[in-house]
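The lines below spell out each chain.
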Amino acid sequence: MTTSPLRLGISRCLLGDEVRFDGGHKRDHFLTDVLGPYVEWVPVCPEVEAGLGTPREAMRLVGNPHRPRLMTITSKHDHTEAMEAMVDGRLDSLRTLDLSGYVFKRGSPSCGVERVRVYTVQGMPSHSGVGIFAKAFIEQFPLIPVEEEGRLSDPSLRENFIERVFCYRRFQDLVQNGVTRQALIRFHTIHKYLLLAHSQEHYETMGRLVGQVERYRLKELTSKYGEHFMKALTMKATVRKHVNVLQHIVGYFKSRLTTEEKAELLGVIADYHRGLTPLIVPLTLVKHYVQILDVGYIRDQVYLNPHPKELMLRNHA
Ligand code: SF4
């Protein structure tokens, strides 16, 4: 896990603040009540901070989908400049806060991350785009994990986002603690099985990179590593990949199990493979043996505990 506080940006209306155009909010129970105790939220309402007030006329994106305008729907007032004037200063202030992730409100012309409707000047929906503030944030901080609250109701997307947030925090700690070649190698080592659950290809590429520690300047190497690391974690962790990882881990200690213990463990993994149990079931048994048999190399693997168990993210994966 990580010892530093997890600080996440969030669209302010998701915390229950009444900042929406209609004076309402979109409080999200999972974010406020379940994830809330583990993070420090940094609430941002780009439209309020751009001086547009609450309540305000509803807006939408209009024109060129790559560079749309932010327009009110009825009076056709263009608020793009007010929004752009706010964005740079706000991103600068967010940079000082060392964010480890950001949860944006879906569908908003300011905050939506994907599939935000862009309209023609005549008022017809024409393309999908990205909210103006969200787009600027992602361009400015490409490694920081972002997600929309709507997608977090999907258990696998939720688990993936929170895993990426904790991983990114660990990477930030690595950099901020003054990364050494040894520390980078150790970081790669303890993330081995987590990375393999996402992408063997990325893991191997990163392994080659770490193997060339003498060739690159450390800062350049760490930066390249960080890009690969965060990219790898966006690759989908499938049941088949988890089964491969579990079987690899079991390989470290199966010779020390009795025939019955081995059969039970492999049976539980097979049940997970067939969709009869969630990941938490074989994982709990594997962790039990890693603990009692004191399997050092595996005990340190982030894969076993990537986020707080109280979030129960692997109970549905
Ligand atoms: S979606 Fe973004 S701009 Fe709209 S109310 Fe929420 S925080 Fe404000």
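Residues numbered from 1 in each chain as written. Predicted model: local features only at pLDDT ≥ 70, side-chain atom pairs only at ≥ 80, totals over all residues.

A. Structural view of the overall build of the protein. Within the protein, the regular secondary structure consists of 13 helices and eight strands. Its C-alpha atoms give the protein principal-axis dimensions of roughly 75 × 45 × 35 Å. Contacts in the protein between residues at least 24 apart in sequence constitute 64% of all its contacts with a sequence separation of at least 6. (Helix = DSSP H or I, 4+ residues; strand = E, 2+ residues; numbered from the N terminus. Contact = placed C-beta atoms within 7 Å.)

B. Representation of the domain arrangement of the protein. Structurally, the protein comprises domain 1 (6–151), domain 2 (155–234) and domain 3 (239–315). Placing the centre of domain 2 and that of domain 3 at their C-alpha centroids yields a distance of 22 Å. The interface is formed by 12 residues belonging to domain 2 together with 13 residues belonging to domain 3. If you list the elements that add at least two residues to the side of domain 2 that touches domain 3, you get α5 (155–176) and α7 (192–196). Examining the composition of the side of domain 2 that touches domain 3, we find that five residues originate from one element, α5, more than from any other. Of the residues belonging to the side of domain 2 that touches domain 3, the class tally is seven nonpolar, one polar and four charged. (Domains from an automatic or database assignment. Nonpolar A, V, L, I, M, F, W, Y, C, P; charged D, E, K, R; others polar.)

C. Examining the site of the ligand more closely. Surrounding the ligand, one finds S11, R12, C13, V19, R20, C45, P46, E47, K105, S108, S110 and C111. Along the lines of polarity and charge, the residues of the shell around the ligand split into five nonpolar, three polar and four charged. (Near = placed C-beta within 6 Å.)

D. Fine view of the environment of Y289. Mapping Y289 onto the fold places it in helix α12 (residues 280–292). Judged by C-beta crowding, with 20 C-beta atoms within 10 Å, Y289 ranks as buried. Along the backbone, Y289 and F253 are 36 residues apart, and their C-alpha atoms lie at a distance of 8.0 Å. (Buried ≥ 20, exposed ≤ 12 C-beta atoms within 10 Å, placed from the backbone.)

E. Examining the sheet that holds strand β2 (residues 39–44) more closely. Spatial strand order, β2-β1-β5-β8: four strands in an open sheet with parallel pairing. Either end of the sheet is taken by a strand with one partner, and the two such strands are β2 and β8 (146–148). The mean inter-strand angle of the sheet, taken between neighbouring strand axes irrespective of direction, is 25°. Packing against the sheet, α5 makes contact with β1 (6–11), β5 (101–104) and β8, and its axis sits at approximately 135° to β1. (Pairing = 2+ DSSP bridges. Axes fitted to C-alpha atoms, helices over the stretch in contact; angles between N-to-C directions.)

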